[in-house]
Amino acid sequence: MRAYVRLWRTRIGRLSLIMGVAALALLAFSGLANAQVALPEAVTEQGDSIRALYFVVLAIGVIVFVIVEAMIIWVVFRYKRKSDDELPTQVAHNTTAEILWTGIPLVIVVVLFVVSFFVLQDIQAAADEDEDVTIVDVQGRQWAWAFNYGVPLGTELAEGISPDPAETEIHLKDPSLVVPFMTIKIGIEHMRVVARTGDVVTVDRAVNGTVPIRHAAGSPIERVFNGTDTVAEGRLQAADNTPIVTVPVGQMIRFNIASADVLHAFYTPQFLTKLDAVPGRVQTLWVRITDAGDFMSQCAEFCGRDHARMIYTVRALPEGEYNSWFEEKAGEAPAPIEGDFGGEEEAEQEEGAVGNAANGQSLFFEMGCNVCHGDRGEGLVGPTIAMTVVPLDRVITQYREPLEAMTAFPPDQVSDEEIADIYAWLQTVPRPPDADVIPSKLAALIEAGG
């Protein structure tokens with residue numbers, strides 16, 4: 001106590017104590033103290049494990065901090081020199097102290113390592129073999145998200161597929177189940193159907209950011225559909241529509257995360273974890289969501305100019321509601337058709353359309369336009385562009401100098417002639433009945449151009 005009194009009598013001591021009390025009061029009243037300590041409430045079983053581990057580490061850190069700081073303060077005042085003539089006693093070594101300051105940290109590190117190892121194993125564990133799993137293929141692209149789901153086609157491969165992406169022909173027992181530009185999936189690899197001759201189907205390999213892999217004979221095939229919904233939230237300026245990934249509560253979910261261009265990151269704060277979307281690679285995130293609701297999420301890896309606008313929402317629905325949503329959404333995907341089709345066959349064009357519609361359809365998917373505008377231009381994150389009435393020259397301007405968050409496409413990436421081909425194909429695609437005649441952003445472009 002006498003030491004504290006002597007400290008208070010000095011100007012520096014009084015100033016330090018006053019500033020310390022003021023800082024603590026500021027933290028307490030502003031809520032910053034809680035923000036620095038607490039994590040978001042977890043909405044997944046894996047997040048609960050991560051949160052528990054965090055507080056174990058925090059508790060050990062606080063205990064060590066308090067003990068160390070208390071010893072420092074005790075030493076400062078206990079052995080404070082009282083005069084210039086008095087020198088402190090020199091101690092060469094103390095075996096007990098050395099064992100303690102080596103052994104105690106070693107025990108703490110070993111305990112934390114073991115606990116962290118088992119938690120990591122727990123949160124990365126896949127579902128049990130007999131457990132139902134919801135699989136969502138996540139594609140990140142500058143600067144949007146697409147969430148794809150699969151429905152079994154009921155057909156199998158007649159033979160395995162080479163991992164070489166140059167091998168683009170596969171033999172199906174029932175090739176009539178596929179349609180032009182349908183995306184099919186075998187394992188984690190996405191393939192887009194280009195043409196079919198008899199039972200031989202020609203595909204584009206490793207689309208939507210996936211990678212080619214070896215497939216065993218008899219591997220099941222799934223028809224992939226874009227299950228991305230949108231919601232108008234206004235969370236960010238000019239971000240009128242936020243993409244939504246819909247998942248069930250209580251069921252194990254496998255997110256297959258890939259990137260079509262640069263490094264992104266799939267991050268939902270309430271999951272208490274994130275996973276990078278790496279180009280040319282597929283990462284897997286396993287979660288079991290425990291609470292229904294909408295959870296704001298975002299890309300957590302700087303990916304370019306509009307990184308801040310690359311947001312999305314995880315919508316967790318009770319299992320019954322999710323099943324109803326899934327059946328409705330899957331029913332909107334392209335239906336199987338009969339007869340052969342070839343890659344050279346052109347799409348039917350409206351009178352007066354310019355450009356090659358068949359090539360435009362291919363370019364539409366190749367350039368990733370479907371990620372934002374939907375597989376039929378029906379609109380997702382971006383506006384509806386099917387059967388667009390915006391003049392071609394304005395569409396070309398939008399490609400070159402886009403309004404707001406759309407990616408710019410320079411001439412060396414897509415030429416004016418290729419844009420005309422895309423434009424021609426869009427004239428052949430029926431518009432949804434409730435879509436605007438002119439998308440708002442392009443309408444503004446027309447008005448700006450007079």
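Heads up: the structure comes first, above all this text.
This write-up is about the structure you can find in this document. Predicted model only: the values in this text are computed from it and were never measured.

### Let's talk about the overall build of the chain
Here is step 1 of the chain: Secondary structure assignment for the chain yields 11 helices and 15 strands.
Here is step 2 of the chain: Of all 450 residues assigned to the chain, the portion counted as buried reaches 38%.
Here is step 3 of the chain: Taking contacts inside the chain between residues at least 6 apart in sequence as the whole, the part at least 24 apart equals 69%.
Here is step 4 of the chain: Just so you have it, the chain exposes about 24800 Å², and 58% of that area is on carbon and sulfur atoms.

### Let's talk about the sheet that holds strand β2 (residues 144-156)
Within a sheet, adjacent strands bond to each other through the backbone by hydrogen bonds, running parallel or antiparallel.
Here is step 1 of the chain: Pairing is mixed in the open sheet, where nine strands are placed in the order β3-β6-β5-β4-β7-β2-β1-β10-β13. Taken across any chain shown, the strands that pair with only one partner, and hence form the sheet edges, are β3 (169-171) and β13 (283-288). Within the sheet, the average angular offset between the axes of one strand and its neighbour, ignoring direction, is 40°.
Here is step 2 of the chain: As paired elements, β3 and strand β6 (residues 200-205) share three bridges and run antiparallel to each other. Bridging from a neighbouring strand, Glu169 pairs with Thr202 of β6.

### Here's the deal with the pattern of salt bridges
Here is step 1 of the chain: Under the criterion given, the structure shown has 12 salt bridges.
Here is step 2 of the chain: In this structure, Glu41 and Arg51 form a salt bridge, with 3.4 Å as the shortest nitrogen-oxygen distance. Taken together, the residues span a long stretch of sequence, with Glu41 in the loop between α3 (32-37) and α4 (45-78) and Arg51 in helix α4 at a distance of 10 residues.
Here is step 3 of the chain: For Arg51, a relative accessible area of 17% translates into the label buried.
Here is step 4 of the chain: Here Glu189 makes a salt bridge to Arg205, at a shortest N to O gap of 2.6 Å. Of this pair, Glu189 sits in strand β5 (residues 189-197) while Arg205 sits in strand β6, placing them 16 residues apart in sequence.
Here is step 5 of the chain: Taking relative accessible area as the criterion, Glu189 reaches 0% and is therefore assigned buried.
Here is step 6 of the chain: Beyond isolated ion pairs, a larger network of salt bridges with shared partners links Glu45, Glu131 and Arg288.

### Remarks on a nonpolar patch on the surface
Here is step 1 of the chain: Residues Leu106, Val110, Phe113, Val114, Phe117 and Phe118 make up a contiguous nonpolar surface patch of about 620 Å² in total accessible area.
Here is step 2 of the chain: Position of Val110 relative to the elements: it lies in helix α5 (residues 95-123).
Here is step 3 of the chain: Classification of Val110 by relative accessible area gives partly exposed; the value is 44%.

### Focus on the environment of Ile135
Here is step 1 of the chain: Here Ile135 is to be found in strand β1 (residues 133-141).
Here is step 2 of the chain: Looking at Ile135, the relative accessible area reads 35%, which means it is partly exposed.
Here is step 3 of the chain: Between the C-alpha atoms of Ile135 and Asn256, which are 121 residues apart in sequence, the distance is 7.3 Å.
Here is step 4 of the chain: With sequence-adjacent residues up to four places away left out, Ile135 is seen in contact with Asn148, Tyr149, Lys185, Arg254 and Asn256.

### Observations regarding α5
Here is step 1 of the chain: A rise of 1.5 Å per residue sets the reference length of α5, with its 29 residues, at 42 Å; its end C-alpha atoms lie 42 Å apart and thus fit the reference within 8%.
Here is step 2 of the chain: Turning to α5, its buried residues are Leu112, Val119 and Ile123.
Here is step 3 of the chain: Those residues of α5 hidden inside the fold are in contact with α4 and β13.
Here is step 4 of the chain: Two to three positions downstream of the cap, the backbone nitrogen of Thr96 sits 3.2 Å from a side-chain oxygen, assigning the N-cap of α5 to Asn94.

### Concerning the packing of α4 against α5
Here is step 1 of the chain: Put simply, α4 and α5 touch, their axes get as near as 9 Å, and they point 170° apart. Classified by the angle their axes make, α4 and α5 are roughly antiparallel. Packed against α4, whose contacting residues are Gln46, Ser49, Ile50, Leu53, Val56, Val57, Ile60 and Val64, the element α5 presents Ile108, Leu112, Val115, Ser116, Val119, Asp122 and Ile123 at the interface.
Here is step 2 of the chain: Residues of the contact of α4 with α5, tallied by class, amount to 11 nonpolar, three polar and one charged.

Cut-offs used in this document
In this numbering scheme, every chain counts its residues from 1 along its sequence in written order. Under the rules for a predicted model, residues below a pLDDT of 70 receive no local features and side-chain atom pairs below 80 are neither given nor counted, while totals for whole chains, interfaces and linings still include all residues. With hydrogens and water excluded, all non-hydrogen atoms of the structure serve as input to the side-chain values. In DSSP terms, a helix is any run of H or I states spanning at least four residues, a strand is any run of E spanning at least two, and both are numbered starting from the N terminus. Only protein chains enter the area calculation, which uses a 1.4 Å probe; residues under 20% of their type maximum are buried, those over 50% are exposed, and those in between are partly exposed. A contact between two residues is defined here by any heavy atoms of the two lying within 4.5 Å. Accessible surface area values rest on a Shrake-Rupley calculation with a 1.4 Å probe, where residue burial reflects the displayed protein chains alone. The rule for pairing is simple: two strands pair if DSSP sees at least two bridges between them. For helices, the fitted line uses only the C-alpha atoms of the stretch in contact; every axis is such a line through C-alpha atoms, and the angle between N-to-C directions lies from 0 to 180 degrees. Criterion for a salt bridge: a side-chain nitrogen of Lys or Arg within 4 Å of a carboxyl oxygen of Asp or Glu. Only residues whose relative accessible area exceeds 30% and that take part in no salt bridge are eligible for patches, with like-charged residues grouped when within 9 Å of each other and nonpolar side chains (Val, Leu, Ile, Met, Phe, Trp, Tyr) grouped when within 5 Å. Here, expected helix span is obtained from the residue count minus one, scaled by 1.5 Å. What qualifies as a polar contact is a pair of N or O atoms within 3.5 Å, subject to a donor-acceptor requirement within protein and to the restriction that residues adjacent in sequence count only when both atoms come from side chains. Here is the rule for angles: anything less than 35 degrees is roughly parallel, anything more than 145 is roughly antiparallel, 65 through 115 is roughly perpendicular, and the remaining ranges are oblique. Three residue categories are used. Nonpolar comprises Ala, Val, Leu, Ile, Met, Phe, Trp, Tyr, Cys and Pro, charged comprises Asp, Glu, Lys and Arg, and polar comprises the others, including Gly.

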